Amino acid sequence: LDALLAEAKEIVAEGELVRSRGHKLVLQEDEEQARGKIERAFEDAGLAVPAMAEVLAKSGVEAARARSLLQILLREKRLVRISGELVFHHTAIARLRELLGRHKGERFRVPEFKEWTGISRKYAIPLLEFLDRERITRREGDERVVL
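The notes below deal with the structure included here. Please read all numbers here as calculations on a predicted model, not as lab measurements. (Residues numbered from 1 in each chain as written. Predicted model: local features only at pLDDT ≥ 70, side-chain atom pairs only at ≥ 80, totals over all residues. Heavy atoms only, no water.)

1. Some words on the sheet that holds strand E5 (residues 107-108)
By way of backbone hydrogen bonds, the strands of a sheet pair with one another, either parallel or antiparallel.
Thought 1: Read from one edge to the other, the open sheet built from three strands follows the order E5-E7-E6, with strand pairing classed as antiparallel. Unpaired on one side and paired on the other, E5 and strand E6 (137-140) mark the two borders of the sheet.
Thought 2: Strand contacts of helix H7 (residues 121-133): E5, E6 and strand E7 (143-146), with the helix running at about 110 degrees to E6, the strand carrying the most contacts. (Pairing = 2+ DSSP bridges. Helix = DSSP H or I, 4+ residues; strand = E, 2+ residues; numbered from the N terminus. Contact = heavy atoms within 4.5 Å. Axes fitted to C-alpha atoms, helices over the stretch in contact; angles between N-to-C directions.)

As structure tokens, this is what we get:
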């Protein structure tokens, strides 16, 4: 099936989703505005993101539609889910990667990471676990190494 999908010119397979190449998502005006509010809330927050429920509640659309808009932003990779409740804007993650790139090969602990980023432990630990999964850092005991 994967080979057939890869050869098909009129079909696009994106992960578990299969769609017609011409298919476009069209949002209503209020949904488009809510989508923008959701994305801006995470973008403006940088690495100290607000609670997901709080952002969705302030989006201007009912909860179910706001969750759908959040899923669209995640699928488009505008937002990045770090853990169940933590979502970051892709630019914040890109800036974090740049920051860590300047520390390549260095060993550090959580307090140094918090100092570099200006964030609390609430965000630091999940971000470090994400960075370990992404192979940007590697945990070695109480320390991490920037790869």
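2. Things to note about the packing of helix H6 (residues 110-117) against H7
Thought 1: One can describe the packing of H6 onto H7 by two numbers: an axis separation of 10 Å at closest approach and a directional angle of 105 degrees. Considering their axes alone, H6 and H7 lie roughly perpendicular with respect to each other. Where H6 approaches H7, its residues Val-110, Phe-113 and Lys-114 are matched on the opposing element by Arg-121, Ala-124, Ile-125, Leu-127, Leu-128 and Leu-131. (Parallel < 35°, antiparallel > 145°, perpendicular 65-115°, else oblique.)

3. Some points on the environment of Arg-107
Thought 1: Mapped onto the elements, Arg-107 comes out in strand E5.
Thought 2: C-alpha of Arg-107 to C-alpha of Ala-64: the two residues are 43 residues apart in sequence and 43 Å apart in space.
Thought 3: Residues contacting Arg-107, with those up to four places away along its chain left out, are Glu-140, Glu-143, Arg-144 and Val-145.

Everything listed is a geometric property; what it means functionally is a separate question.
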